[in-house]
Amino acid sequence: MSFYVVVGAGPVGRETARLLGEEGHDVVLTSRSVGSNALPNVRTVQADATDASELSRICRGADAIFMCAMAAYHRWPTDFFPIIDGTVRAAEAVGAKLIVLGNLYGYGENADSPLRSDLPLDPTSRKGTARTIMWQRAVRAGIPAIEIRSSDYLGHGAISYFSLIALPAIIEGKPTAFIGDLDATHAWAFTKDVARTLVAAALYKGEWGRAFHVPSQYASPRELIQKAAAMLGQEVSGTRSYSVPEIEALGMHEAIEMSYLFEKPLLVDASDTEALLGVKASSLEEMIADTLRDHL
């Protein structure tokens, strides 16, 4: 059995720790506000990932470190760099492999769809640039690194554009609005599948310094809204797309630069993940049910 450290205790970090613990590994789950847990073989340690010295102490003897920590969405360009730098330095100090939880923002608005994991990163947003720099710092470090790139989340406790913008109205049976083209096919990743991909990557025997995509399911925003409403027994009384001024009025300024993700089909090629890591996407119905768990 191995010793693993999971940095970040959000839905993906906790699920990653749970999977590793259930496999019998010794696991530390750490964040600034990690709290307690009842997961088998998982210890929680409160720590700040920007403190490389403290994190190195926690990670001593680790086979791999999973970097699942998040920064406040509007502060990615400033707050993410100290987090990745602290984690990278800790991995270098203890000689651990590094598995980074990332997303698709780095490919930019002009990338061809379906997105492949070997495409060059060409970000067209501030957040995409931040993610690209983070991966560059990880892959240039003196340790093996892999990035797991995910599309928008579905799953219990996941924070995404769907959960923030559409889900509250769906639950209340109110007219629902979203961003972009409501009929454009979009890739959705299940938080549990993200964790499964992270765990599988730790055992990858091929060449590191590469990325894998999380296998996804596909639905347009309109389809996803209708399926979620049907599962809740709600009628969809109306669905429309927010205008930019409406998004600004809602205070969701950060959504404007990323709205390109929903303005045309977003498809993800995860065939190498399926072939090399053995991970496949859960059903869309399972993803939606887990997202709605507290309301069913």
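Bear in mind the structure is a predicted one, so any value in this text is a computation, not a measurement.

Visitor: Quick one: what's the story with the sheet that holds strand β7 (residues 152-154), residue by residue and with numbers?
Guide: The three strands are arranged β7-β9-β11 in an open sheet whose pairing can be described as mixed. The sheet is open, and its two borders are formed by β7 and β11 (217-219), each paired with just one other strand. For this sheet, the mean angle separating the axes of adjacent strands, direction not counted, is 50°. Looking at chain direction, strand β9 (residues 186-190) and β11 are connected through three bridges and run antiparallel.

Visitor: Could you give an account of empty space enclosed by the protein, naming the residues involved and the relevant values?
Guide: What the rule picks out here adds up to three cavities of 30 Å³ or more. In this structure, the largest cavity occupies an estimated 130 Å³ of space. Taken together, Leu-104, Gly-108, Glu-109, Ala-111, Ser-113, Leu-115, Tyr-260, Leu-261, Lys-264, Pro-265 and Leu-266 form the lining of the largest cavity. Broken down by class, the residue content of the lining of the largest cavity amounts to seven nonpolar, two polar and two charged.

Visitor: Tell me about the layout of surface pockets, residues and numbers included.
Guide: Volume-wise, the largest pocket comes out at about 1,100 Å³. Along the walls of the largest pocket sit 49 residues, with Met-70, Ala-71, Tyr-73, Trp-76 and Ile-159 positioned nearest its centre. Those elements that place two or more of their residues in the lining of the largest pocket are α1 (11-22), β2 (26-31), α3 (76-94), β5 (97-103), β7, α5 (161-172) and α9 (254-258). Per element, the largest residue contribution to the lining of the largest pocket is four residues, and it comes from α3. In this structure, the second largest pocket occupies an estimated 200 Å³ of space. In terms of lining, the second largest pocket is formed by Pro-11, Arg-14, Glu-15, Arg-18, Leu-39, His-156, Thr-191, Lys-192, Asp-290 and Arg-293. Elements with a minimum of two residues in the lining of the second largest pocket: α1 and α6 (191-201). Ranked by residue count, the leading element in the lining of the second largest pocket is α1, at four residues. A class-by-class count of the residues in the lining of the second largest pocket yields two nonpolar, two polar and six charged.

Visitor: Requested: an account of helix α4 (residues 126-139), with residues and values cited.
Guide: For an α-helix, 3.6 residues make a turn, and residues three or four places apart therefore share a direction. Taking 1.5 Å of rise per residue, 14 residues should cover 20 Å, and α4 covers 20 Å from first to last C-alpha, within 8% of that figure. Buried residues in α4 make contact with β4 (64-67), α3, β5, β6 (145-150), β10 (210-213) and α9.

Visitor: Could you give me a rundown of the pattern of salt bridges, with the residues and numbers involved?
Guide: Within this structure, the stated rule accounts for 19 salt bridges. With a closest N to O distance of 3.4 Å, Asp-26 and Arg-43 form a salt bridge. You can see Asp-26 sitting in strand β2 and its partner Arg-43 sitting in strand β3 (residues 42-46), a full 17 residues away along the chain. By relative accessible area, which is 43% here, Arg-43 ends up partly exposed. A salt bridge links Lys-227 to Glu-285, with the nearest nitrogen and oxygen atoms 3.9 Å apart. Taken together, the positions of Lys-227 in helix α7 (residues 221-231) and Glu-285 in helix α11 (residues 284-291) put the pair 58 residues apart, joining distant regions of the chain. A cluster of three or more residues bridged by salt bridges with shared partners is formed by Arg-126, Lys-127, Glu-254 and Glu-257.

Visitor: Before we move on, could you go through the packing of aromatic side chains and cite the residues and values that matter?
Guide: The tally for this structure, following the rule as stated, stands at 10 aromatic pairs. Aromatic pair Tyr-4 and Phe-66: ring centres 5.6 Å apart, planes at 70°, arrangement edge-to-face. In this pair, Tyr-4 sits in strand β1 (residues 3-7) while Phe-66 sits in strand β4, placing the two residues 62 residues apart along the sequence. Among the residues examined, Tyr-4 registers a relative accessible area of 4% and is labelled buried. Here Phe-66 falls in the buried class, since its relative accessible area comes to 0%. Where Tyr-73 meets Trp-76, the ring centres are 5.1 Å apart and the plane angle is 85°; that geometry is what we call edge-to-face.

Definitions and limits used
- Residues numbered from 1 in each chain as written.
- Predicted model: local features only at pLDDT ≥ 70, side-chain atom pairs only at ≥ 80, totals over all residues.
- Heavy atoms only, no water.
- Pairing = 2+ DSSP bridges.
- Helix = DSSP H or I, 4+ residues; strand = E, 2+ residues; numbered from the N terminus.
- Axes fitted to C-alpha atoms, helices over the stretch in contact; angles between N-to-C directions.
- 1 Å grid on protein atoms, 1.4 Å probe; cavity = no way out; pocket = protein on both sides within 12 Å on 5 of 7 lines; lining within 4 Å.
- Points joined across faces, edges and corners; volume = space filled by probe spheres on them.
- Nonpolar A, V, L, I, M, F, W, Y, C, P; charged D, E, K, R; others polar.
- Expected span 1.5 Å × (residues − 1).
- Contact = heavy atoms within 4.5 Å.
- Salt bridge = Lys/Arg side-chain N within 4 Å of Asp/Glu carboxyl O.
- Buried < 20%, exposed > 50% of the residue type's maximum accessible area, 1.4 Å probe, protein only.
- Phe/Tyr/Trp six-rings, centres within 6.5 Å; stacked < 30°, edge-to-face > 60°.

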